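So the chains spell out like this:
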Amino acid sequence: MSARESGLKDTGIRISEATVSDFFALLKPRVMALAVFTAFVGLMVAPGAINPVIAVIAIGAIAVGAGAAGALNMWYDADIDALMSRTSKRPVPSGRVMPGEALGFGLVLSVLSVMTLGVLVGWLAASLLAFTIFFYVVIYTMWLKRSTPQNIVIGGAAGALPPVIGWAAATGAVGAESLILFLIIFLWTPPHFWALALFKIGDYAAAGIPMMPNVAGQASTRKQIFAYSLILAPIGVLPWAFGFASGLYGLASAALGAGFIWHAWKLLIDKRWLEGWEMKRAKALFAYSIFYLFAIFAVLLADTIAMRIVMSAGN
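Residues numbered from 1 in each chain as written. Predicted model: local features only at pLDDT ≥ 70, side-chain atom pairs only at ≥ 80, totals over all residues. Heavy atoms only, no water.

**Here we look at the overall build of the protein**
What the protein contains, in helices and strands, is 16 helices and 0 strands. Taking 20 Å as the expected radius of gyration for a compact globule of 315 residues, we find that the protein reaches 20 Å, a close match to that expectation. With the principal axes as the frame, the protein shows a C-alpha extent of 70 × 55 × 30 Å. Here the protein holds 315 residues, and 51% of them are scored as buried. Across the protein, every contact between residues at least 6 apart in sequence was considered, and the portion connecting residues at least 24 apart equals 74%. Accessible surface, the protein as shown: approximately 14,100 Å² in total, 71% of it carbon and sulfur. (Helix = DSSP H or I, 4+ residues; strand = E, 2+ residues; numbered from the N terminus. Rg over C-alpha atoms; globule rule 2.2 N^0.38 Å. Buried < 20%, exposed > 50% of the residue type's maximum accessible area, 1.4 Å probe, protein only. Contact = heavy atoms within 4.5 Å. Areas by Shrake-Rupley, 256 points an atom, 1.4 Å probe, with all protein chains shown as cover.)

**Side note on the packing of helix 7 (residues 123–147) against helix 8 (residues 151–160)**
At a closest axis distance of 8 Å, the pairing of helix 7 and helix 8 adopts a crossing angle of 165 degrees. With respect to helix 8, the axis of helix 7 lies roughly antiparallel. In this structure, helix 7 crosses over helix 8, and the sense of that crossing is left-handed. Contacts between helix 7 and helix 8 involve Thr 132, Phe 135, Tyr 136, Tyr 140, Leu 144 and Lys 145 from the former and Asn 151, Ile 152, Ile 154, Gly 155, Ala 157 and Ala 158 from the latter. (Axes fitted to C-alpha atoms, helices over the stretch in contact; angles between N-to-C directions. Parallel < 35°, antiparallel > 145°, perpendicular 65-115°, else oblique. Left-handed = near helix turned anticlockwise from the far one by under 90°.)

**Some thoughts on the side chain of Asp 203**
Relative to the elements of secondary structure, Asp 203 occurs in helix 11 (residues 201–207). Summary of buried charges: Asp 203 has no salt-bridge partner, and the nearest side chain of opposite charge, Lys 200, is 4.5 Å away. One polar contact links Asp 203 to Ser 85, side chain to side chain, over a distance of 2.9 Å. A distance of 3.3 Å separates a polar atom in the side chain of Asp 203 from the backbone nitrogen of Arg 86. Apart from the residues lying within four places of it in its own chain, the contact partners of Asp 203 are Met 84, Ser 85 and Arg 86. (Lys, Arg positive; Asp, Glu negative; His and termini not counted. Salt bridge = Lys/Arg side-chain N within 4 Å of Asp/Glu carboxyl O. Polar contact = N/O pair within 3.5 Å; in protein donor to acceptor, adjacent residues only side chain to side chain.)

**A few points about the nonpolar core**
Counting 84 residues, the largest nonpolar core has Leu 117, Ile 184, Trp 188, Trp 194, Tyr 292, Leu 293 and Phe 297 as the members making the most contacts within it. For this core, the element with the most residues is helix 10 (residues 176–199), which contributes 13 residues. In contact with Ile 184, other than residues within four places in its own chain, are Leu 232, Ile 235, Gly 236, Pro 239, Tyr 249, Leu 293 and Phe 297. Of all hydrophobic cores here, the second largest spans 8 residues; its members include Ala 18, Ala 78, Val 92 and Ala 102. (Core = buried A, V, L, I, M, F, W, Y, C linked by side-chain atoms within 4.5 Å.)

**Focus on helix 13 (residues 218–235)**
With 18 residues, helix 13 should reach 26 Å at 1.5 Å per residue; the first-to-last C-alpha distance of 26 Å fits that figure. Residues Gln 218, Thr 221, Arg 222, Ile 225, Phe 226, Tyr 228, Ser 229, Leu 232, Ala 233 and Ile 235 constitute the buried set of helix 13. (Expected span 1.5 Å × (residues − 1).)

Pasting the structure below:
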C-alpha cells in the first residue's frame, strides 16, 4: 500500500499544526529562486523600459506561481516522496502538512498569481504562467514523471518558461531572444537532473520512478549527459550571436560551456563507478550545473546593465 493510501489523506476536520516554515517549504524555495531569477533576467534583457512597480508585481506574481506549482507537486507526489531519502522529510510525507492543506494552498496561490499578473501586468504573461503551472503539475508531475524516462526532457519545458514570462511581462510579446533563453534552460535540464539521478539511483528505484539511469543504465545516461553538454555549450553563446549580448558575454558563456563539457567528459570516462552509493563525478557535475545556469544568466544580466549604461552615457 502506498504512503498516499496508507495515511496521507485527510480523514476529518482538524486544526492545522503546520507552521509558516512548513508552508514556505511547500513552495520549493530553491526551485522558486531559480525561476524568479531567470524570469527577472528575461524581464531586464527585454527591450524598452518597464515601470519599476509593474516589474516588482510581475516578479512577485511569477514567484508565487512557481511556489504554487511546487506545492501542488508536493501534494501529488507525497506517496513517492515518502519513499526517498532526499524527499521523505518534506512537509506532506512527514505529516506536518496534510494533503488537503497542500492542495488548497497550491490552488489558491495559482489563481492569485495568474490573476494578479493578468490584471496588473498583461494577459499574455499571465497565460504563460498558467500554462507553466499546468504543464509542471499535470503533464510532468501527474503523467510524465511516473511513465517515461524522458520525463525530465519533456517536463523541462516548464522550468524553462520563466524568462519567456518575464520577457512577455515587459514587452507584451514573445521575442526570439526569450526563446533562446528558454532553450538554454531546456537543454540544461536533462544533464542537470540525470547527474542527480545517477547518485540517487537507489531512491528512484525504491519509488519506482523511471529515471534514465534506472531504465537505460548508468553508462547510457553518462553518454547522453555528455551529448547534451555538447549541444548546450554553443546554445549558451547564442545571446551574443543574435546581438543582444556583448562579446564579453560571449567569452564568459563559452568558458562556462567548456566547463560543463569538461565535467560531463570526466563523468563519461571515469571508470570508478560507485563508492558506497556515491558517485563523485556525478555530484561534481550536478553542483557545476547549478553554478552554470546561475552564472550564465547573471553574466547576461550584468552585460545588459553595462551596455545600457554605456549607451546612456553616449547619448
